[in-house]
Protein chains: 2
Amino acid sequence: MSRGKLRVAFQGELGSYSEEAASKFFGQDFEPVPMRSLLSVFTAVEAGSADYGVVPIENSIEGGVGETYDLLLSSGLKVVGEVYVRVVHCLIGLDGAEISEIKRVYSHPQALAQCRAYITMMGFEPVSTYDTAGAVKLVKEMGDRSNAAIASERAAGIYGMKVLAKGIEDYGRNYTRFLVMGREAVGAPRRPKTSVIFSVPHRAGALYRALEPFATREINLTKIESRPTRARPWQYYFFVDFEGDARDERVREALTDLASRTLFLKVLGTYESGRVEFEE
Amino acid sequence: MSRGKLRVAFQGELGSYSEEAASKFFGQDFEPVPMRSLLSVFTAVEAGSADYGVVPIENSIEGGVGETYDLLLSSGLKVVGEVYVRVVHCLIGLDGAEISEIKRVYSHPQALAQCRAYITMMGFEPVSTYDTAGAVKLVKEMGDRSNAAIASERAAGIYGMKVLAKGIEDYGRNYTRFLVMGREAVGAPRRPKTSVIFSVPHRAGALYRALEPFATREINLTKIESRPTRARPWQYYFFVDFEGDARDERVREALTDLASRTLFLKVLGTYESGRVEFEE
């Protein structure tokens, strides 16, 4: 790796959930490289101006992040890790502001959606922004005490803003799964997971036949997501995650078998499964 | 049906793509019932204040509309039809505005994403709003010639605004699929499609086993989408569409077989397949 600190790219401002994912994976000692889009994160890693990229792939409430799936398809990068981050949304206002003064809340559309019940109950007007931490920065810049942002406690701290309410999301079990992208595959992990993309012919039983190589070898699928291909409407790519290492014989056989049943197959990488800390 | 005009609810302002889908399905002679959220569309139909609801389920570029999937799961409504609408985005400005004056573009995040290459090329600053047609209304109200909206030509006409550029989306084959929701199932369609939701146990081969009843009966799946359950992170519901009528014997057998292999199964309805007008 590089001799200095690792440079880790992510979408959003400092204090975003993506930066939190990066610090959970790399520890505190990395150089954050904030980017304005997911595309820029991939490009930075591909070009070598960042060592790794950390990108959201899925939220436990909202579902898949379409843009990331599309970038995984077109990029040559490898998945080298995954991180789960518990999402705890805070209502964040100017220093001295009180909840009773708030009229408008700024945040990313997904965060607004995740706090819908709270926003409705409080009678706030929701306003979309591109990033949760960016909303905190914007509210600070506007300097109007009737504005608030929805973001992480960490984002409030970074911008010196006040947490007016914490844990305002509608569903408590709210996690976002992030993938760590790198230029080279990683060595054998202890609890390996592998991600692949494939497409199948448009005929009865094609997807069923594609899953058979996993089922007969008792390989556990942890996720399947279909995404429309851009070339032709209503044909799909399938993104599949499963437990196992692509270098193990049983998995290698399954992938060889799968390749013979699909139009297209790409192995995105084998990596250590991330840990979810559930509070039951 | 009701004696007056059919009341059809949809999300967004008049001139939205959802209203366009409604008029494609019901013809011109219906009473539009604009709603501020997808939840309100479902509630209006359930409560009888609207006869039908028209909701986006999937875009050929961006993928599934998560909120609609979640509402299908929790609602008692039936899918009674589907409509495909070709998305042709326009850059829309004030009367008298020229493209060279435009600095900011307002639209729904999905529409902004679909015009990313154009926006970048033109150097516009993208600003998110909740609705494409609502962005046109907003730009009109602000009265600043450096603002523009991205929405349909129809929306420009409704608000008396000027189309500055047409077909600015990055990918030409851009369609949105809408579902028509009603309180009661419809009679036997000529080209039937059926939508179901199910969940499977978290073990190797469970999804594969769930698709077997379709594969052995040569029932063609047209779509599979997984959505995280809200109750427990990283367990999934599967939304599956297939060709066939839930009242036909072969399909009935497949569904009975499927029910014995799943934790949960809900048949959302059988309806006439919508037509996509492809330009090759």
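Attention in this report is confined to the structure presented alongside it. Note that the structure is predicted; figures quoted are calculated from it, not measured.

### Some thoughts on the overall build of chain A
Looking only at helices and strands, chain A features nine helices and 15 strands. Overall, chain A is about 65 × 50 × 40 Å in size when its C-alpha atoms are taken along their principal axes. Each of the 280 residues in chain A was classed as buried or not, and the buried ones make up 56%. In chain A, the proportion of contacts linking residues at least 24 apart, taken out of those at least 6 apart, comes to 75%. If you average the places of the 35 positive and of the 37 negative side-chain charges in chain A, the two averages end up 3 Å apart.

### Description of the pattern of salt bridges
When the charged atoms of two side chains with opposite charge come close together, those side chains can pair. One pass over the full model with this rule turns up 48 salt bridges over all chains. A salt bridge links Lys162 of chain A to Glu98 of chain A; the shortest N-O distance between them is 3.6 Å. One end of the pair, Lys162 of chain A, is in strand β10 (residues 162-166); the other, Glu98 of chain A, is in the loop between β6 (90-93) and β7 (104-107), and 64 residues separate them in sequence. Residue classification places Glu98 of chain A among the partly exposed positions, given a relative accessible area of 42%. In this structure, the salt-bridge partner of Lys5 of chain B is Asp29 of chain B, at a minimum N-O distance of 3.7 Å. Note that Lys5 of chain B is positioned in the segment before β1 (6-11) and Asp29 of chain B in the loop between α1 (17-26) and β2 (30-35), a separation of 24 residues in sequence. When salt bridges with common partners are traced through the structure, they connect Glu58, Glu82, Arg177, Lys193, Lys223, Glu225 and Asp241 of chain A into a single cluster.

### Structural notes on unusual backbone geometry
Residues and elements named next belong to chain A. Unlike most non-glycine residues, Glu218 shows phi in positive territory, near 55 degrees. For Glu218, the location among the structural elements is in the loop between α8 (206-216) and β13 (221-228). Here Glu218 falls in the exposed class, since its relative accessible area comes to 64%.

### Remarks on the interface of chain A and chain B
Taken together, the 49 residues of chain A in the interface contact 50 residues of chain B. Here chain A meets chain B over a buried area of about 4,400 Å², counting both sides, of which 57% is carbon and sulfur. The tally of links from chain A across to chain B stands at two salt bridges. Here Arg116 of chain B makes a salt bridge to Glu67 of chain A, at a shortest N to O gap of 3.6 Å. The interface formed by chain A and chain B includes twelve residue pairs in polar contact (both at pLDDT 80 or more). Only β3 (52-59), α3 (66-74), α4 (109-114), β8 (125-128), β11 (175-182), α8, β13 and β14 (236-243) of chain A provide two or more residues apiece to the side of chain A that touches chain B. Grouping the amino acids of the side of chain A that touches chain B by side-chain chemistry returns 23 nonpolar, ten polar and 16 charged.

### A look at the packing of helix α2 (residues 38-47) of chain A against α3 of chain A
Residue and element names in this part refer to chain A. At a minimum axis separation of 10 Å, α2 and α3 run at an interaxial angle of 30 degrees. Here α3 runs roughly parallel to α2, going by the angle between their axes. Of the two elements, α2 crosses α3, and the hand of that crossing is right-handed. Residues Leu38, Leu39 and Phe42 of α2 lie in contact with α3, whose contacting residues are Glu67, Thr68, Leu71 and Leu72. When its residues are assigned to classes, the contact of α2 with α3 shows five nonpolar, one polar and one charged.

### Some details on the packing of aromatic side chains
Residue and element names in this part refer to chain A. For the coordinates displayed, the defined rule picks out 17 aromatic pairs over all chains. Here the aromatic cluster, defined as three or more aromatic residues joined through ring pairs, consists of Phe25, Phe26, Phe30 and Tyr52. Of note, Arg86 hangs over the ring of Tyr175, and the distance from its end group to the ring centre comes to 5.9 Å.

### Observations regarding the environment of Ser40 of chain A
Residue and element names in this part refer to chain A. Tracing the backbone shows Ser40 in helix α2. Accessibility expressed as a relative area gives 27% for Ser40, which makes it partly exposed. As a C-alpha pair, Ser40 and Ala9 span 31 residues in sequence and 8.6 Å in three-dimensional space.

### Section: the sheet that holds strand β9 (residues 147-151) of chain A
Where strands meet in a sheet, backbone hydrogen bonds hold them as pairs that are either parallel or antiparallel. All names here are of chain A. Spatial ordering of the open sheet is given by β8-β7-β9-β6-β10, a layout of five strands whose pairing is mixed. Edge positions in the sheet fall to β8 and β10, since each of these pairs with one other strand and no more. On average, adjacent strands in this sheet sit at an angle of 30 degrees to one another, irrespective of strand direction. Two elements, β7 and β8, share four bridges in a ladder whose sense is parallel. Bridged to Val105 within β8 is Pro126. The strands touched by helix α6 (residues 132-142) within the sheet are β6, β7 and β9, with β9 carrying the most contacts at an inclination of about 160 degrees.

### Quick notes on the pairing of strand β3 (residues 52-59) of chain B
Residues and elements named next belong to chain B. Within β3, eight of the eight residues are buried, leaving the element largely enclosed by the surrounding structure. Here β1 pairs with β3 via three bridges, running parallel. Each residue of the ladder has a partner; that of Phe10, found in β3, is Val54. Here β3 runs beside strand β11 (residues 175-182); their pairing, made up of six bridges, is antiparallel. Paired with Pro56 across the two strands is Phe178, which belongs to β11. With two bridges connecting them, β3 and strand β4 (residues 63-64) associate as antiparallel partners. Following the sheet pairing, Glu58 is matched in β4 by Gly64. Connecting β3 to the next strand, β4, in antiparallel fashion are three residues.

### A look at the side chain of Thr262 of chain B
All names here are of chain B. Structurally, Thr262 can be placed in the loop between α9 (249-259) and β15 (264-272). Side-chain polar atoms of Thr262 contact the backbone oxygen of Leu258, separated by 3.1 Å. A polar side-chain atom of Thr262 sits 3.5 Å from the main-chain carbonyl oxygen of Ala259. If sequence neighbours within four positions are ignored, Thr262 has contacts with Phe198, Ser199, Val200 and Ala210.

### Focus: the relation of the copies chain A and chain B
After a rotation of 180 degrees and a shift along the axis of 0.0 Å, chain A superposes on chain B with an RMSD of 0.0 Å. In symmetry terms, the pair is related by a two-fold rotation axis. Residue by residue, 100% of the interface of chain A is reproduced at the interface of chain B, so both copies engage with the same surface.

### Points about the sheet that holds strand β12 (residues 192-199) of chain B
All names here are of chain B. Strand order across the open sheet formed by four strands is β13-β14-β12-β15, with antiparallel pairing between neighbours. Each edge of the open sheet carries a strand with a single partner, namely β13 (221-228) and β15. Going across the sheet, the axis of each strand differs from the next one's by a mean of 15 degrees, ignoring polarity. Two elements, β12 and β15, share eight bridges in a ladder whose sense is antiparallel.

Rules used throughout
- Residues numbered from 1 in each chain as written.
- Chains lettered and ligands numbered in written order.
- Predicted model: local features only at pLDDT ≥ 70, side-chain atom pairs only at ≥ 80, totals over all residues.
- Heavy atoms only, no water.
- Helix = DSSP H or I, 4+ residues; strand = E, 2+ residues; numbered from the N terminus.
- Buried < 20%, exposed > 50% of the residue type's maximum accessible area, 1.4 Å probe, protein only.
- Contact = heavy atoms within 4.5 Å.
- Lys, Arg positive; Asp, Glu negative; His and termini not counted.
- Charge placed at Lys NZ, Arg CZ, Asp CG, Glu CD.
- Salt bridge = Lys/Arg side-chain N within 4 Å of Asp/Glu carboxyl O.
- Buried area = accessible area lost by both parts, 1.4 Å probe.
- Polar contact = N/O pair within 3.5 Å; in protein donor to acceptor, adjacent residues only side chain to side chain.
- Nonpolar A, V, L, I, M, F, W, Y, C, P; charged D, E, K, R; others polar.
- Axes fitted to C-alpha atoms, helices over the stretch in contact; angles between N-to-C directions.
- Parallel < 35°, antiparallel > 145°, perpendicular 65-115°, else oblique.
- Left-handed = near helix turned anticlockwise from the far one by under 90°.
- Phe/Tyr/Trp six-rings, centres within 6.5 Å; stacked < 30°, edge-to-face > 60°.
- Lys NZ or Arg CZ within 6 Å of the ring centre and 35° of its normal.
- Pairing = 2+ DSSP bridges.
- Least-squares fit on C-alpha atoms with pLDDT ≥ 70 in both.

Remember that the coordinates give geometry; whether it matters functionally is a separate question.
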